[in-house]
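# Overview (structure and organization)
Here is how the chains run, residue by residue.
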Amino acid sequence: PEMGLVAPSEFLPLAAKMGLMPALGEWVLTSACAQNKAWQDRGLPALRMAVNLSASQFRDAKLSTLIPRVLAETGLEARWLELELAEAAIIEHLDEVAEVLEAVAKLGIRISVDDFGTRHTNLTALRRLPVHALNIDRCFIAELDPSRSESALVTAIIGLAHNLGMVAVAEGVESYALAEFLRQLLCDEVQGYLISRPLSAVV
């Protein structure tokens, strides 16, 4: 009421500093899974929903048991859930991340690395993790042009993903022309306003 809408970039670092991320993350995961199952129960086409996990959540020993518990409580099948983790989580908490993701992958949940290209990921570590997709950060996509160096970077990331047996996903796609150019670069999937702007869960 006093500050109006507060952007995630403002409140998430504060929540992490206050130790609120495990509780906040559990609420987000539970709400997302419950909503996805509610849509399915209404007869809408099944879809895979992606939920972000913060780096701090991987320091919570309960995470590996939390995820199957939430799936059981909400009744959502694992194949309809995708977990996105930031590059920072891989860099800062590799051992914890590897242990959790191996357990999660066995459930049939898709795992993706979010905002890829913004940090210095250890590629050996990336190969070690059961990751299914690399989400190419929007900073590489926003001004993508065949004549600019960003094209070479995006092509390289797409090639890296494919060589590691992963799906390449472009973030922040807002035009058909950009989507077509990414298709020519062999990018597998796109996210962004071209597909849809944020919507209410109520349909």
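Anyway, here's the lowdown on the structure attached to this text. Not measured: the values here are computed from a predicted model.

## Examining the overall build of the chain
Along the backbone of the chain there are nine helices and six strands. Relative to its length of 203 residues, the chain is compact, with a C-alpha radius of gyration of 17 Å against a globular reference of 17 Å. Overall, the C-alpha framework of the chain stretches about 50 × 40 × 40 Å when taken along its three principal axes. Taken over 203 residues, the chain has a buried fraction of 39%. Counting contacts in the chain only where the partners sit at least 6 residues apart, residues at least 24 apart contribute 63% of the total. As displayed, the chain offers around 11600 Å² of accessible surface, 57% of which is attributable to carbon and sulfur atoms.

## Quick word on the nonpolar core
If you look at the biggest cluster of nonpolar residues, it comprises 55 residues, and the most contacted ones within it are Leu-29, Phe-58, Leu-81, Leu-83, Val-154 and Leu-182. Once residues lying within four places of it in the same chain are set aside, the contact partners of Phe-58 are Leu-53, Leu-63, Leu-85, Ala-89, Glu-96, Val-97, Val-100 and Leu-101.

## Digging into unusual backbone geometry
Even without being a glycine, Leu-186 presents a positive backbone phi close to 75 degrees. With respect to the secondary-structure elements, Leu-186 resides in the loop between α9 (176-184) and β6 (189-190).

## Quick word on the pattern of salt bridges
Counting across every chain of the model gives nine salt bridges. One salt bridge in this structure joins Arg-48 and Glu-82, with 2.8 Å as the shortest N-O distance. Of this pair, Arg-48 sits in the loop between α2 (21-41) and β1 (49-53) while Glu-82 sits in strand β2 (residues 81-86), and the two are 34 residues apart along the sequence. Look at Glu-82 and you get buried, because its relative accessible area is 5%. Across the salt bridge formed by Arg-110 and Glu-189, the nearest N and O atoms sit 3.2 Å from each other.

## With respect to a nonpolar patch on the surface
On the surface, Met-3, Val-6, Phe-11 and Leu-12 cluster together to form a nonpolar patch covering roughly 360 Å² of accessible area. Checked against the element boundaries, Leu-12 lands in helix α1 (residues 8-17).

## As for the packing of α2 against helix α3 (residues 63-74)
It is the contact of α2 with α3, at a shortest axis distance of 9 Å, that shows an interaxial angle of 35 degrees. The chirality of how α2 crosses α3 is right-handed. Where α2 approaches α3, its residues Glu-26, Leu-29, Thr-30, Cys-33, Ala-34 and Lys-37 are matched on the opposing element by Leu-66, Ile-67, Arg-69, Val-70, Leu-71 and Thr-74. Taken together, the residues that form the contact of α2 with α3 break down as seven nonpolar, two polar and three charged.

## Quick notes on the environment of Pro-130
Tracing the backbone through its elements, the reader meets Pro-130 in the loop between α6 (123-128) and β4 (133-136). Judged by its relative accessible area of 22%, Pro-130 is partly exposed. Here the alpha-carbon distance between Pro-130 and Val-104, two residues 26 residues apart in the chain, equals 9.0 Å.

## Description of the sheet that holds strand β5 (residues 167-170)
Spatial strand order, β1-β2-β3-β4-β5-β6: six strands in an open sheet with parallel pairing. Pairing within the sheet leaves two strands with one partner each, and these edge strands are β1 and β6. When β5 meets β6, the two strands line up parallel, connected through two bridges. Along β6, the bridge assignment pairs Val-169 with Glu-189. Sitting on the sheet, α2 is in contact with β1 and β2, with an inclination near 175 degrees to β1.

What counts and what doesn't
Residues numbered from 1 in each chain as written. Predicted model: local features only at pLDDT ≥ 70, side-chain atom pairs only at ≥ 80, totals over all residues. Heavy atoms only, no water. Helix = DSSP H or I, 4+ residues; strand = E, 2+ residues; numbered from the N terminus. Rg over C-alpha atoms; globule rule 2.2 N^0.38 Å. Buried < 20%, exposed > 50% of the residue type's maximum accessible area, 1.4 Å probe, protein only. Contact = heavy atoms within 4.5 Å. Areas by Shrake-Rupley, 256 points an atom, 1.4 Å probe, with all protein chains shown as cover. Core = buried A, V, L, I, M, F, W, Y, C linked by side-chain atoms within 4.5 Å. Salt bridge = Lys/Arg side-chain N within 4 Å of Asp/Glu carboxyl O. Patch = residues over 30% accessible without salt bridge, like charges linked within 9 Å, V, L, I, M, F, W, Y side chains within 5 Å. Axes fitted to C-alpha atoms, helices over the stretch in contact; angles between N-to-C directions. Left-handed = near helix turned anticlockwise from the far one by under 90°. Nonpolar A, V, L, I, M, F, W, Y, C, P; charged D, E, K, R; others polar. Pairing = 2+ DSSP bridges.

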